[in-house]
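# Geometric and topological summary
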Amino acid sequence: MRKVAFILTILTAGALIISAPGCVDFTYDEVEPRVDSTTLVANTTIAELKAMYPGELYQLNENTFFQRDSIIIEGVVTSDDKEGNFYKSIFIQDATGAIELKLNKTSLYNDYKRGQKIVVYCNGLYLGDYGGQIQLGSIYNNNGNWEISGLEGDPIIKMHVFKKGKQLVDVAPLAMTPALLTQVNIGKLVKFDNVQIKDTLSPITDTTYTYADNINKVTVNHTLVACSQTYPSTVVLRTSGYARFAGTTIATKNGTVTGILTYYKGTYQLLMRDLNDINFTNDRCQQ
């Protein structure tokens, strides 16, 4: 009865608005879409969670080392798949570290905005890795081999991933230095200052490179070089061929670039969320 009464109230209000448009105040407050969906409280940091990984697929249940019956983490979403440079996963971080949470669905930015706090109930989920980067998710059988994959479908996702807090949190990117380019910071939102893309012109066409190959949908890595310091390993700016900005001409000057720090078999990769993450306005330095 309450539901019917509510609907009738709405219809009545709508009729009044239509009949008296000159008296209506059309100003309104934006509806807040983010709500708390759990009372769960984190009992494990992301760094502790990643420390549980033994180097092969590992299912999370109670953890005897930390003496916990359940494993619950909390983090802030820092990635964004709106521009297509991230696919079926979100990155979350807390004060101790960051991790990639694999979710087998697209347009995740509609559900998980940058700055959204989320709580993850990890029991039953798996830790795995791809090229040395630890990931959290489910598993699937790939021709007889079990591999890490995304949580399948909203019912499963909603059993493990919960929004927390109505306000978005502004996460400041970690200013990178050579000493900070380590496994500890993989998955974090980071910022490289005073850098530039090493190669800008194609030796074949003599034209400026684009971020990726949007025609053939091929991902491209562009080597980043720093002007005032030397990083211990290769650092690349990685862009998916499916990113909306894949076909955009690269920024050829020098400056600052922000993104999620990822890792694959010895190479550190920076994934921009959109073109607002790059600000190259200074003259190039000599290499």
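Summary of the structure given here. (Residues numbered from 1 in each chain as written. Predicted model: local features only at pLDDT ≥ 70, side-chain atom pairs only at ≥ 80, totals over all residues. Heavy atoms only, no water.)

### What about the overall build of the protein chain?
The helix and strand inventory of the protein chain stands at three helices and 17 strands. A total of 287 residues make up the protein chain; the buried ones form 41% of that total. In the protein chain, the share of contacts with a sequence separation of at least 24, taken over all contacts with a separation of at least 6, comes to 69%. (Helix = DSSP H or I, 4+ residues; strand = E, 2+ residues; numbered from the N terminus. Buried < 20%, exposed > 50% of the residue type's maximum accessible area, 1.4 Å probe, protein only. Contact = heavy atoms within 4.5 Å.)

### Remarks on the pairing of strand E6 (residues 126-130)
Both strand E1 (residues 58-59) and E6 contribute to a ladder of two bridges, which runs antiparallel. Each residue of the ladder has a partner; that of Gln-59, found in E6, is Tyr-126. In terms of strand pairing, E6 meets strand E7 (residues 133-142) through five bridges, oriented antiparallel. If you follow Leu-127 over to E7, its bridge partner there is Leu-136. Count of turn residues in the E6/E7 antiparallel hairpin: two residues, of which Gly-131 carries a positive phi of about 65°. (Pairing = 2+ DSSP bridges.)

### Remarks on the environment of Ala-243
Mapped onto the secondary structure, Ala-243 falls in the loop between strand E14 (235-239) and strand E15 (254-264). In the structure, Ala-243 is positioned 29 residues away from Met-272 in sequence and 9.9 Å away in space, judged by C-alpha atoms. With near-sequence residues (within four places) excluded, Ala-243 lies in contact with Glu-83, Gly-84 and Asn-85.

### Observations regarding the pattern of salt bridges
Scanning all chains against the criterion turns up seven salt bridges. Of the charged contacts, one joins Asp-80 and Arg-114 as a salt bridge, the two residues approaching to 3.1 Å between their closest N and O atoms. On the criterion of sequence distance, the pair formed by Asp-80 in the loop between strand E2 (72-77) and strand E3 (89-93) and Arg-114 in the loop between strand E4 (98-104) and strand E5 (117-121) is long-range, its members being 34 residues apart. Judged by relative accessible area, Asp-80 falls into the buried class, the value being 15%. Between Asp-277 and Arg-273 there is a salt bridge, and its shortest N-O distance comes to 2.9 Å. Across the pair, exposure class does not vary: Asp-277 and Arg-273 are buried alike. Within the structure, one salt-bridge network assembled from shared partners comprises Asp-80, Arg-114 and Asp-274. (Salt bridge = Lys/Arg side-chain N within 4 Å of Asp/Glu carboxyl O.)

### Considerations on the state of the cysteines
Inspection of the entire model under this criterion finds one disulfide. Linked covalently through their sulfurs, Cys-227 and Cys-285 form a disulfide whose S-S length is 1.8 Å. On the sign convention where negative means left-handed, the S-S torsion of about -80° between Cys-227 and Cys-285 marks this disulfide as left-handed. Of this pair, Cys-227 sits in the loop between strand E13 (220-226) and E14 while Cys-285 sits in the segment after strand E17 (278-282), and the two are 58 residues apart along the sequence. Owing to a relative accessible area of 23%, Cys-285 belongs among the partly exposed residues under this scheme. (Disulfide = S-S within 2.5 Å.)

### A few points about the nonpolar core
Grouped together as the largest cluster of nonpolar side chains are 27 residues, with contacts concentrated most on Leu-181, Phe-192, Tyr-211, Leu-237, Val-257 and Ile-278. Of all the secondary structure elements, the ones that give two or more residues to this core are strand E12 (189-197), E13, E14, E15, strand E16 (267-271) and E17. For this core, the element with the most residues is E12, which contributes four residues. Setting aside chain neighbours within four positions, we find Leu-181 in contact with Met-176, Phe-192, Tyr-231, Pro-232, Ser-233, Val-235, Leu-261 and Tyr-268. The next biggest cluster of nonpolar side chains, apart from the first, holds 25 residues, and it includes Ile-90, Ile-99, Leu-127 and Val-161. (Core = buried A, V, L, I, M, F, W, Y, C linked by side-chain atoms within 4.5 Å.)

### Considerations on unusual backbone geometry
A positive phi angle, near 55°, is found at Lys-88, a position not held by glycine. Checked against the element boundaries, Lys-88 lands in the loop between E2 and E3. One non-glycine residue, Asn-194, lies in positive phi territory at about 55°. One can find Asn-194 in strand E12. Overall, Asn-194 belongs to the partly exposed group, its relative accessible area being 31%.

From the geometry alone we can't say anything about function, so treat these as descriptive.
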